[in-house]
Amino acid sequence: MSRSDDDLPPDDELDRDDTTPPPGAEPTAAERARARAFGDLIDKVVAGRAPAAMPADDQPLVEVATVIRAATGKEALAPARSSAIVEAALARAIEGLAGDRGRARERDGVEPTTGGAHHGPAARPAQHHADGIIPLERGWRRRAPWLVAGGATVLAAAAAILLMLRGPERAVEAPTQTASAERAPLPLDQRSRAADALIGPIPRERSGDAVSRIDAIFADRLDGYRARTLSRPARAAPRGGSR
Amino acid sequence: MKLARTTIIAAVAATLAFVAGLGVTSCTGDDDPGAASRRTTRLPEPDDVAAKTDAPPTPIDEQLMLALAQAKNFHHKAKVYMADGNLDEAIRAVRQILDLQFPAGAPEAEDVRLDAHARLAKLLVLQGKLEEAMSVVDGGLAASTRPSFFSANLHTVKGEVYDAMAAVADDGSAAGKDKATTLRKAAIVELDRSIQINDKLQRELLAEPRE
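Residues numbered from 1 in each chain as written. Chains lettered and ligands numbered in written order. Predicted model: local features only at pLDDT ≥ 70, side-chain atom pairs only at ≥ 80, totals over all residues. Heavy atoms only, no water.

A. Representation of the overall build of chain A. The helix and strand inventory of chain A stands at eight helices and zero strands. Ordered by position in the sequence, the α and β elements of chain A form the string α-α-α-α-α-α-α-α. Put simply, chain A has 243 residues, and 18% of those count as buried. For chain A, contacts bridging at least 24 residues in sequence account for 26% of all contacts bridging at least 6. Accessible surface computed for chain A: about 17600 Å², of which carbon and sulfur atoms make up 59%. (Helix = DSSP H or I, 4+ residues; strand = E, 2+ residues; numbered from the N terminus. Buried < 20%, exposed > 50% of the residue type's maximum accessible area, 1.4 Å probe, protein only. Contact = heavy atoms within 4.5 Å. Areas by Shrake-Rupley, 256 points an atom, 1.4 Å probe, with all protein chains shown as cover.)

Now the structure itself:
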C-alpha cells in the first residue's frame, strides 16, 4: 500500500531544520524565547519547584542539566535534606528486601535464609554477607531457644544453690531442736535411775528376797514409763508399750 | 521444631539440676551425732557408766522395761522352783538374769545384777557350794561401779558365806577353830562394810530430795 506525502505526519521541528545554523549566526527571536523558557524551567527544577508537567522533550534535558550542575558542585543539598533522602532510600531497600524474602518463603515453603528469594541455597550465605541485613523477626526466632535454655539453666542453678545453702541451716536447726528437747526437764519418775531410793537399806534377814525387790523396781519403772509414753503424742508412742 | 526441641532439653536440664539440689540437701540434712549411741544392738561399754555421770538423764524406755520384766519373771520362776525344792533349776533361772541385756548405762542394770548375784550366792550356800558362792559374790562386787544398797547387801551375803565357811571349818580341831575364827573375822569385816555403805547412802539420800 502506497502512502502520499500528505498522509505522513508532520516532521519534527528539529528534523525540519535541515541546516544547522552556523556558530557565529545570530539567534532568532524564537530561539531566544525558547532558551529563556528552558532556563526558567531548569532554575525551577533545581530550586525544588518543578512544574507539575513539562514537555516530554524537555524532561531528559532537565535531568541532564541537573546532573551536570550537581557534578560541578554548584548545587549542594542541605544536610537535613540529605539525611532524610538517605534514610528514606535505606528504609525502602530494607522493606523491599524483607518483603521479597517473606514472599519467597511462603512460595518455597522452606526455612528462611539470608539470601533473597531468587537465590539458590548455595548462594544464600554469600548473599547474607553481601547485604549484611538481618530482619529483626528472623534474629529473634534464632535466639529464642538459646534464651529459653539459658534462662532455665540459670533458674535451675539458682534453685540448686538456694537449696544447698538451706541444707546446712536445717542441719544446724536439727541439733538445736534436739538440744532444746533435752534441756526440757525430764521428771524424775520418768528417768532411768538407781533403785537405792526406792528399795532402801536391805536388812540381813531379807538379803535373799530379791523377788520383792524386783517387783518393786518393775512396778515403779512401769509407772514412769507409762507416764512418759502417755504424755507424748500418739505417733511417738512405741508399739506394744503396755505390758 | 528446633525451637521446641531446645526448649524441652532446657526444661529437662533444669529439672535434673533441681532434683540434684534436693538430693544434695537431703543427704546433708541427715546427720545425727547421737544416732550411733542409740542403736538397739549396741553392747554396753566399760566407759558407759563413767560417761553416765555427765550424760543427760536417760528416760525409761522400752528396752529397760523389757529387761526388768524378764528379770522379774526369772526371779519368780526361781521362787517356784525353790518352793518345789528344785534348787538346780532355781539357780539356773537366777543365772539367766545375769545374761539379760539392759540398756547401756542404765543404773537399774547394776542393781538387778547385784541382787541376782546375792540370791544366786545364797542358793549355792543352800546347796553347800560355798566356794562357788564366794566366787559369785566376788564376781558381783568386782562388777560394781558405785556404792549402793545392793552392793551393801552383797557384802552382807559375802559375810554369810564366810560364816557358813567358818561353820564348816570348825570341825573341833585346833586348826579348824583357827580357820573358823579367821573366816568369822572376815565375815564381820564384810558385814561392817555393808553397814558402812548403808549408813553413807542413807545420809546421802536424806540430804537429797526423795523420789
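We are not done yet, so read on.
B. Region of the structure containing the pattern of salt bridges. Following the criterion strictly, the structure yields 15 salt bridges over all chains and no others. Close ionic contact of E26(A) with R32(A) constitutes a salt bridge, the shortest N to O distance being 2.9 Å. What makes E26(A) exposed here is its relative accessible area of 61%. According to the relative accessible area criterion, R32(A) is partly exposed, its value standing at 41%. Here D220(A) makes a salt bridge to R221(A), at a shortest N to O gap of 2.5 Å. Through salt bridges with shared partners, a single ionic network connects R193(A), D220(A), R221(A) and E108(B). (Salt bridge = Lys/Arg side-chain N within 4 Å of Asp/Glu carboxyl O.)

C. The arrangement of helix α2 (residues 29-46) of chain A in detail. With 18 residues, α2(A) should cover 26 Å at 1.5 Å per step; its first-to-last C-alpha distance of 26 Å lies within 8% of that length. At the exit of α2(A) stands G48(A), carrying a positive phi of roughly 85 degrees. (Expected span 1.5 Å × (residues − 1).)

D. Representation of empty space enclosed by the protein within the structure. Scanning the entire structure with this criterion turns up two cavities of 30 Å³ or more. One number sums up the size of the second largest cavity: a volume of about 30 Å³. Looking at the second largest cavity, the residues that line it are A210(A), R213(A), I214(A), I217(A), H75(B), D111(B), V112(B), D115(B) and F150(B). Those elements giving two or more residues to the lining of the second largest cavity turn out to be α8 (210-231) of chain A together with α5 (107-126) of chain B. No other element matches α8(A), which puts four residues into the lining of the second largest cavity. (1 Å grid on protein atoms, 1.4 Å probe; cavity = no way out; pocket = protein on both sides within 12 Å on 5 of 7 lines; lining within 4 Å. Points joined across faces, edges and corners; volume = space filled by probe spheres on them.)

E. The arrangement of the environment of E110(B) in detail. Residues and elements named next belong to chain B. Considering the arrangement of structural elements, one finds E110 in helix α5. With a relative accessible area of 12%, E110 lands in the buried category. Sequence-wise, E110 and S148 are 38 residues apart; in three dimensions their C-alpha atoms are separated by 9.5 Å. If near-sequence neighbours (up to four positions away) are discounted, E110 is found in contact with A143, S144, T145 and R146. At a separation of 2.5 Å, a polar atom in the side chain of E110 contacts the side chain of T145. (Polar contact = N/O pair within 3.5 Å; in protein donor to acceptor, adjacent residues only side chain to side chain.)

F. A look at the side chain of D196(A). Along the chain, D196(A) falls in helix α7 (residues 196-199). Among the residues examined, D196(A) registers a relative accessible area of 8% and is labelled buried. Looking at D196(A), its side chain comes within polar contact range of the side chain of R146(B), at 3.3 Å. Of note is the side chain of D196(A), whose polar atom sits 3.0 Å from the backbone nitrogen of F149(B). Residue contacts for D196(A): discarding those within four places in its chain leaves D111(B), R146(B), P147(B), S148(B), F149(B), F150(B) and L205(B).

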